[in-house]
Amino acid sequence: MRASLPIANVNPKDYQGIYFTGGHGVLWDFPNNADFEAATRQIYQQGGDVMSV
């Protein structure tokens, strides 16, 4: 957890997938977060996997 990067500091080109785990974040925080939306879109458009629980 101490080494976690903010999503704004992550380069989606470096990833083959993004996984959103359940709870409050998936329902309320992530859908309105422009940084998560951009990263998810880029990963999906480059053929990556988008997963959620």
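Once that is clear, we can look at the overall build of the protein. What the protein contains, in helices and strands, is two helices and two strands. Each helix and strand of the protein, ordered N terminal to C terminal, gives the series β-α-α-β. Computed over its C-alpha atoms, the radius of gyration of the protein comes to 11 Å, within 12% of the 10 Å expected for a compact globule of 53 residues. Expressed as lengths along the three principal axes of its C-alpha atoms, the size of the protein is roughly 30 × 25 × 20 Å. Put simply, the protein has 53 residues, and 21% of those count as buried.

Here the focus is helix 2 (residues 34-45). A turn of α-helix holds 3.6 residues, and therefore any two residues three or four places apart point the same way. Along its twelve residues, helix 2 runs 16 Å from first to last C-alpha, staying within 8% of the 16 Å computed at 1.5 Å per residue. Every buried residue belonging to helix 2 is among Phe 36, Ala 39, Thr 40 and Ile 43, and all of these are buried. The buried residues of helix 2 occupy one face: seen down the axis, they fall within an arc of 100°. Residues Ala 34 and Gln 45 are exposed on helix 2 and point more than 90 degrees away from its buried face. Close packing links the buried residues of helix 2 with strand 1 (17-20) and strand 2 (49-52).

For the rest of this paragraph, the subject is the pattern of salt bridges. This structure, assessed with the given rule, holds one salt bridge. The closest approach of N and O atoms between Arg 41 and Glu 37, which form a salt bridge, is 2.6 Å. Remark: Glu 37 and Arg 41 occur in helix 2; sequence separation between them is four residues, near one turn of the helix.

Turning our attention to the pairing of strand 1. Here strand 1 shows a clear split, with Ile 18 and Phe 20 buried on one side and none of Gly 17 and Tyr 19 buried on the other. Where strand 1 meets strand 2, four bridges bridge the pair, whose relative direction is parallel. Of the residues in strand 2, the one forming a bridge with Phe 20 is Ser 52.

Cut-offs applied
Residues numbered from 1 in each chain as written. Predicted model: local features only at pLDDT ≥ 70, side-chain atom pairs only at ≥ 80, totals over all residues. Heavy atoms only, no water. Helix = DSSP H or I, 4+ residues; strand = E, 2+ residues; numbered from the N terminus. Rg over C-alpha atoms; globule rule 2.2 N^0.38 Å. Buried < 20%, exposed > 50% of the residue type's maximum accessible area, 1.4 Å probe, protein only. Expected span 1.5 Å × (residues − 1). Arc of directions from axis to C-beta. Contact = heavy atoms within 4.5 Å. Salt bridge = Lys/Arg side-chain N within 4 Å of Asp/Glu carboxyl O. Pairing = 2+ DSSP bridges.

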